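Working through the structure, step by step
Letter by letter, the chains look like this.
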Amino acid sequence: MRERGRERGSGDDRRDGRLPGREPLPGSPRLQGGGHDHAREQPRAHRPARDDARDDARDDARDDARDDARDDARDDARDLVRQPDRGLLEPLQAGLHGSPDAGANAGLARARDLASLLRALLWAEHGALADFLLALADFDRRAHWRDLGHSSLFSFLHRELGLAKGAAYLRLTAARLILRFPEVEPPIRDGRLCLSAVCELARVLEPGSVAEVLPRFFHCSKLEARAVAVEICPVELVAHREIVTRLAPALLPAPGAAL
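Residues numbered from 1 in each chain as written. Predicted model: local features only at pLDDT ≥ 70, side-chain atom pairs only at ≥ 80, totals over all residues. Heavy atoms only, no water.

1. Re the side chain of Asp140
On the secondary structure map, Asp140 appears in helix 5 (residues 104-141). Note on Asp140: relative accessible area 13%, which makes it buried. Once residues lying within four places of it in the same chain are set aside, the contact partners of Asp140 are Trp145, Leu153 and Arg176. (Helix = DSSP H or I, 4+ residues; strand = E, 2+ residues; numbered from the N terminus. Buried < 20%, exposed > 50% of the residue type's maximum accessible area, 1.4 Å probe, protein only. Contact = heavy atoms within 4.5 Å.)

Structure below.
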């Protein structure tokens, strides 16, 4: 009887679902976390690494999607410039002359199409401006405005091309700045540098400070760019003094005097 009791095992072994001399049975408490089977436990130190890897993968996917959208917009912009009749007029006509009573899904699809079109047009506008400034810089470097009978590049832009004086001055300044600092052209092409901020940038940009100064003007309005320029190169305050003088009355001939 004693030997038979040993063969059956103790009560602890039976509760654990383990037969004498054998491994625990599937579904026993030892396999479900009740025991201390270290071989089947998952190290806790590996869990944060998996979480970091998952976050990195999600961030990479989001960045790739954004880059793909930007590249698609650039390609669409090139197509619009090369074939404006087919690329511009048909989407505009489809969007502007569509049925106003379309359903919600059709309206959302049209809104997305027009948003893509606007994005492509904006890329085309930025690219056309950069190309114009590059051509204008070369035109000014060769002084072709003199060959056409103009006294200055400003006169050519205002009188020959019909630009307003303010627009002519902005483009003249930007073209000459690109001629001195070619690093200015890429942010103008991709829209980071506004043309209205170029005049303030031209005041403070130096050969040894392009990498440091240029990014500070990205996405700045005219007033913001002026504040940045003043911060980089403070304007000296010149004392002004107002002088008021009293003018002597004009000498008039006496009444009845002979002239």
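2. Considering the state of the cysteines
This structure, assessed with the given rule, holds zero disulfides. Cys194 supplies the cysteine sulfur nearest to Cys220, a cysteine that is in no disulfide, at a spacing of 9.5 Å. (Disulfide = S-S within 2.5 Å.)

3. Re helix 8 (residues 165-180)
Its 16 residues give helix 8 an end-to-end C-alpha distance of 23 Å, which sits within 8% of 22 Å, the value for a rise of 1.5 Å per residue. Within the sequence span of helix 8, burial applies to Ala168, Leu172, Thr173, Ala174, Ala175, Leu177 and Ile178. (Expected span 1.5 Å × (residues − 1).)

4. Focus on the confidence of the model for the protein chain
One rule of thumb: low pLDDT means the predicted coordinates there are not for detailed reading. With 59% of its residues at a pLDDT of 70 or more, the protein chain shows a mean pLDDT of 75. Note that pLDDT drops below 50 for residues 1-22; the model gives that stretch 16 contacts with residues more than four away or on any other chain. Residue range residues 24-46 is modelled with pLDDT below 50. Its contacts to residues more than four positions away, or to other chains, number 22 contacts. (pLDDT = per-residue confidence, 0-100.)

5. Structural notes on the pattern of salt bridges
This model, assessed by the stated rule, comprises nine salt bridges. Among the salt bridges present, the one from Glu231 reaches Arg216, with a minimum N-O distance of 3.2 Å. Residue Glu231 is located in helix 12 (residues 222-232), and its partner Arg216 is located in the loop between helix 11 (210-213) and helix 12; the two are separated by 15 residues in the primary sequence. Overall, the relative accessible area of 35% leaves Arg216 in the partly exposed class. Residues joined by salt bridges that share partners form a network here, namely Asp131, Glu185 and Arg189. (Salt bridge = Lys/Arg side-chain N within 4 Å of Asp/Glu carboxyl O.)

6. A closer look at the packing of helix 7 (residues 153-160) against helix 8
Viewed as axis vectors pointing N to C, helix 7 and helix 8 meet at an angle of 140°, and their least axial separation amounts to 9 Å. Considered as vectors, helix 7 and helix 8 are oriented oblique to each other. Judged by the sense of rotation from one axis to the other, the crossing of helix 7 with helix 8 is right-handed. Listed contacts from helix 8 to Leu153, Phe154, Leu157 and His158 of helix 7 are Lys165, Ala168, Tyr169, Leu172 and Arg176. Of the residues belonging to the contact of helix 7 with helix 8, the class tally is six nonpolar, one polar and two charged. (Axes fitted to C-alpha atoms, helices over the stretch in contact; angles between N-to-C directions. Parallel < 35°, antiparallel > 145°, perpendicular 65-115°, else oblique. Left-handed = near helix turned anticlockwise from the far one by under 90°. Nonpolar A, V, L, I, M, F, W, Y, C, P; charged D, E, K, R; others polar.)

7. What about the side chain of His150?
With respect to the element layout, His150 can be found in the loop between helix 6 (144-147) and helix 7. Here His150 falls in the buried class, since its relative accessible area comes to 13%. Those residues in contact with His150, other than ones at most four positions away along the chain, are Trp145, Ser155, Phe156, Arg159 and Glu160.

8. A look at the environment of Pro215
Within the secondary structure layout, Pro215 lies in the loop between helix 11 and helix 12. Placed 22 residues apart in sequence, Pro215 and Leu193 show a C-alpha to C-alpha distance of 8.7 Å.

9. Concerning helix 12
Taken together, the buried positions of helix 12 are Ala225, Val228 and Ala229. One side of helix 12 carries all its buried residues, which in axial view fall inside an arc of 100°. Turned more than 90 degrees off the buried face of helix 12, the exposed positions are Leu223 and Glu231. (Arc of directions from axis to C-beta.)

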